[in-house]
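Analysis of the macromolecular model
Here's the letter readout for the chains.
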Amino acid sequence: MCCTDMALAYVEAHASWGAANTKPSLGRDHSAFVAVAPDGSARAEFAVEGVRCAACMKAIERGLAPMPGVASARLNFSDRRLAVTWTREAEPDVPAILAALEMLGYTAQPFAPGGLADAEAAETKRLIQALAVAGFASMNVMLLAISVWAGNISDMSPENRDLFHWIQAVIVLPAAAYAGRPFYEGAVRGLRAGRVTMDFPITLGVVLTLVMSVVESLSGATHAYFDGAVMLLFFLLIGRVLDQAMRQRTRAFAENLAALRCERATLAGPDGGLRDVPLAELAPGARILVRPGERVPADGLVENGTSDLDQSLVTGETAAVAVRGGDRVFAGALNGSGALTVRVTAAAGASLLDEVEGLMRRALEARSRALVLADRATRLYVPFVHAGAALTFVGWLAAGAGWHAALLDAVAVLIVSPCALGLAIPAVQVVAAGALFREGVLLNDGTALERFAQVDTVVFDKTGTLTLPEPTLSGGRYAPAALESAARLALSSRHPMSAALVAAAGPAEPFPGAQEAAGLGVRAVVGGVELRLGSARFCGAEAEAAAAVAADPEASVICFRAGDGAPAAFPVRQGLRPDAAEVVAGLAALGHRVLILSGDRAASVEAVARRLGIAEWEAGLTPQDKIARIEALERAGRRVLMVGDGLNDAPALAAAHASLSPVTAAHVSQAAAHALFLGRSLAPVLSVLAAGRRARRLMLQNLWFSAVYNVLAVPLAATGCLTPLIAALAMSGSSLAVTANALRARLATMPAPVPAAHRPTAPAPVAGTS
Amino acid sequence: MNVLLLVIPIALGLGLLGLLAFLWALRSGQYDDLEGAEYRVLHDD
């Protein structure tokens, strides 16, 4: 048969591509991942997937420790990272570690050192050190301060009181100089940028309090305020540490995901050699090989080969696009059937990505102008407290109290107020983010929760958002035995559609000796019968394929034939997420307006909209169209939540009031989204909205509480009735109240409409959020 | 009164010892993996 001959000729002609197609790992260049310590020992970090319990940790560490040259292997269970150090003499062998982990059943990817997460970790450490110093100082100073307060009403001699004041000064002055640095630096940074941030009144308050306390101690006064200054720093640092710990955790997790998504490219050298390199090493002009089933790693021009690309992540269009030499390809497109050689182009000119990035920048600038609660609180608070302090000072001077007493009361106003306010919002954010994290939602942005709370309109993208990102088998008539054999053949294929057959048939083993002919399909000879899986032409199944397409115009068809028997055609299409209908119904029940804005064809969008009961939908939209629709909604007073994953959604995600992406989304979209969700379920859309509303309510409660507290405490301070004892009680009491209220955000974040079957498994209680 | 000169340095010294111990533990990475630590106790090695 001519078909067989063609297939064999193709395989022979592309023998080198064939080897590249099937060989699982190439000579990877791992030097970028290894960091060498000053003593000469090498160290590398890996993101590990599949670590679920303590036994995994033990298996990995025990499995790697006896390897030659490995000095230590330690798995960090909190962020699922494995750190391996080699002995000084040993040559670091990253592939051996990866192979050993694979043997143990874990997927891992090495990490380039010096990522953003490392910087976040260093910042967390710095803040915790400052917190420890402030904590130590405030505890010990309190010991002395309480003695003075008690002594003032009993029989303490003035000499002893002065001694105690000076000991406090010796403890507090260096401690405040060290622990207050995050605030001093923030205040200076803000002033340089011409803004008065929350850090400014804090710095002013602390510095003035310390100066006044030293002056008071010099004059042998009955009160000094060292304890107040250091306690203020202690409480404010708790807020900062919580905030930072939340950000570090999401950042580390996002970096793990990025590494595990295998952001790599196969570089084709001038000598024809292939090398696997991290994406960051790709320079414009480099030639890369994109094998069937891989995503195109960078924008470029096709030099060699033909294939069909699934551009759904780029344009939202589900139908495959044929490409050949000279065509442009975009990062994120999924290569279908043939190997392509692509020359990477610099992101310049009128490429789609540039256009998207330009739109996104503009949209992000517009978004940053929206004020969040914390900003608004600062805007109200800073002038209020400065004016209060100034009024107190002038008022007491006018009343003839002398500059000394006037300044003392003014400083009391500055220092008694910001405490609860500094904790009011971060405490809620960190608790709510921790609760969402355990439900599989990662917050990209601290302001995300408030934004989710205000949403009243939800806009979905179709492809990859309402539908699952990977294709699934849908309907069709075929014998179960055919599906089983086809699935076993499909295991040997890298074509993205073959995954649908594998998933549909359940666990199976591949046929030994199965060969993949790129562009055509897979074949294997079993018991003297030739089995084929692939295109209609390859299997001689044009009639069956045409019938299947006629039955379901949305589907792509993959064919199977055993020997000369009757061929079978499997229709494969992108299925809806399992709970999409319930989530849409749940949103409608909550009174949200639901729309679909898609880049795909009208027919497929209409089909999805009808199945989900969404009345408002638009198809065939460009990124500009999507932005325009969302801006029109915002102008009409709606607060839009955009849920999307494609490159073409990125500007819309940036333009919307709030945005959410699945983790399978394109890079740019992930960066633009306020939060990412894991898994096949769409339920996180409901849970983030519920969590946002709850968090916002708690934040407002906390802010009101702080306001009431300030209204009571500031007049007390201004009138000079605020003794250090009352200040200490008020400060710690208000901070505790605000934190305790914030802990309520940990309670159930899931609303009622979602049935239990789709709820993520109940998280194990985890103490702390760091 | 003399007892104060003895007791206060002792109290501060003990507190400082605690602070230094915490900073040492933080620097040597003992707080890097709080979740793993609770399981590591159970490993018999």
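Remember, it's a predicted structure, so these values are computed and weren't measured experimentally. Within each chain, residues carry numbers counting from 1 in the order of the written sequence. Chain labels run from A onward and ligand labels from 1 onward, assigned in the order the entries are written. Given that the model is predicted, a residue must reach a pLDDT of at least 70 before its local features are reported, and side-chain atom pairs must reach 80 or more before they are shown or counted; all residues, however, enter totals for whole chains, interfaces and linings.

On to the overall build of chain A. For helices the rule is a DSSP run of H or I covering at least 4 residues; for strands it is a run of E covering at least 2, with both sets numbered from the N terminus onward. A tally of helices and strands in chain A yields 27 helices and 27 strands. Comment: burial labels come from other C-beta atoms within 10 Å of the residue's own C-beta, placed from the backbone, where a count of 20 or more is buried, 12 or fewer is exposed, and between is partly exposed. Relative to its 770 residues, chain A shows a buried fraction of 48%.

With that settled, the discussion passes to the overall build of chain B. Secondary structure summary: chain B contains two helices and zero strands in total. Seen through its C-alpha atoms, chain B measures out along the principal axes to roughly 50 × 20 × 15 Å. Out of the 45 residues in chain B, the part that is buried amounts to 0%.

Residues and elements named next belong to chain B. Helix span, as expected, comes to 1.5 Å for every residue beyond the first. Between its terminal C-alpha atoms helix α1 (residues 2-27) stretches 38 Å, which fits the 38 Å expected from 26 residues at 1.5 Å a residue. Buried residues are scarce in α1, accounting for zero of its 26 residues. Just downstream of α1, Gly29 is the residue with a positive phi angle, here 80°.

As annotated by UniProt and renumbered to match this structure, "domain: HMA" (unreviewed entry) occupies residues 42-109 of chain A. End C-alpha to end C-alpha, residues 42-109 of chain A measures 17 Å, and it is 32% helix and 35% strand. UniProt positions are given in the numbering used here, feature names are shortened, and annotations may be inferred rather than shown by experiment.

This brings us to the sheet that holds strand β11 (residues 321-323) of chain A. Residues and elements named next belong to chain A. When DSSP locates at least two bridges between a pair of strands, those strands are taken to pair. Taken together, the three strands give an open sheet; going across it, the order is β11-β10-β13, and neighbouring strands pair in antiparallel fashion. A strand with exactly one partner marks an edge of an open sheet, and here the two such strands are β11 and β13 (334-335). Of the pairings in the sheet, the one linking strand β10 (residues 307-310) to β11 comprises three bridges and is antiparallel in character. Bridged to Asp308 within β11 is Ala322.

All names here are of chain A. Axis separation between helix α7 (residues 181-192) and helix α8 (residues 199-218) bottoms out at 8 Å; the angle between their running directions is 125°. With respect to each other, α7 and α8 are oriented oblique. For the crossing formed where α7 meets α8, the hand is left-handed. Contacts from Phe183, Tyr184, Gly186, Ala187 and Gly190 of α7 reach α8 at Asp199, Phe200, Ile202 and Thr203. In terms of residue class, the contact of α7 with α8 is built from five nonpolar, three polar and one charged. Here an axis means a line fitted to C-alpha atoms, over the contact stretch when the element is a helix, while the angle between two N-to-C directions is reported on a 0 to 180 degree scale. The cut-offs work like this: below 35 degrees is roughly parallel, past 145 is roughly antiparallel, 65 to 115 is roughly perpendicular, and the gaps in between are oblique. Handedness of a helix crossing follows the sense of rotation of the near helix relative to the far helix, less than a right angle counterclockwise being left-handed and clockwise being right-handed. Any pair of residues counts as being in contact when their C-beta atoms, constructed from backbone geometry, are within 7 Å of one another. Only Asp, Glu, Lys and Arg are considered charged, only Ala, Val, Leu, Ile, Met, Phe, Trp, Tyr, Cys and Pro nonpolar, and every remaining residue, Gly among them, polar.

Quick look at the nonpolar core now. Residues and elements named next belong to chain A. Ranked by internal contacts, the top residues of the largest apolar core, which has 169 residues, are Ala134, Ala229, Val230 and Leu233. Tallying contributions element by element places helix α9 (residues 226-260) first for this core, with 16 residues. Residue-level mapping places this core at the junction of two domains, with at least three residues from each of domain 2 (116-261) and domain 3 (441-468 + 579-689). Once residues lying within four places of it in the same chain are set aside, the contact partners of Ala134 are Ala175, Ala179, Val230, Leu233, Phe234 and Leu237. Nonpolar cores are built from buried Ala, Val, Leu, Ile, Met, Phe, Trp, Tyr and Cys residues. These are joined into a set through C-beta atoms within 7 Å. In this document the domain limits rely on a domain assignment from an automatic tool or a database.

How big an interface is tends to be stated in terms of the accessible area lost upon association of its parts. Of the residues lining the interface, 16 residues belong to chain B; the matching set on chain A comes to 19 residues. Those elements that provide at least two residues to the side of chain B that touches chain A are α1 and α2 (34-40) of chain B. With eight residues, the top contributor of residues to the side of chain B that touches chain A is α1(B). Of the residues contributing to the side of chain B that touches chain A, the split by class is 10 nonpolar, three polar and three charged.

Residues and elements named next belong to chain A. Residues annotated by UniProt as "transmembrane region" (unreviewed entry) correspond here to residues 130-151, 163-184, 196-215, 221-242, 380-399, 411-437 and 703-731. Taken end to end, residues 196-215 has its terminal C-alpha atoms 28 Å apart, with 85% of it in helix and 0% in strand. Helix makes up 83% of residues 703-731 and strand 0%, whereas the separation of the span's terminal C-alpha atoms amounts to 15 Å.

Here we come to the pairing of strand β2 (residues 42-49) of chain A. Residue and element names in this part refer to chain A. Of all eight residues that make up β2, six are buried, and the element is covered over most of its length. Pairing analysis gives two bridges linking strand β1 (residues 35-36) to β2, with the strands arranged antiparallel. For Val36, the partnering residue across the bridge sits in β2 and is Ala42. Where β1 folds back onto β2 in an antiparallel hairpin, the turn is made up of five residues, including Gly40, whose phi is positive at roughly 95°.

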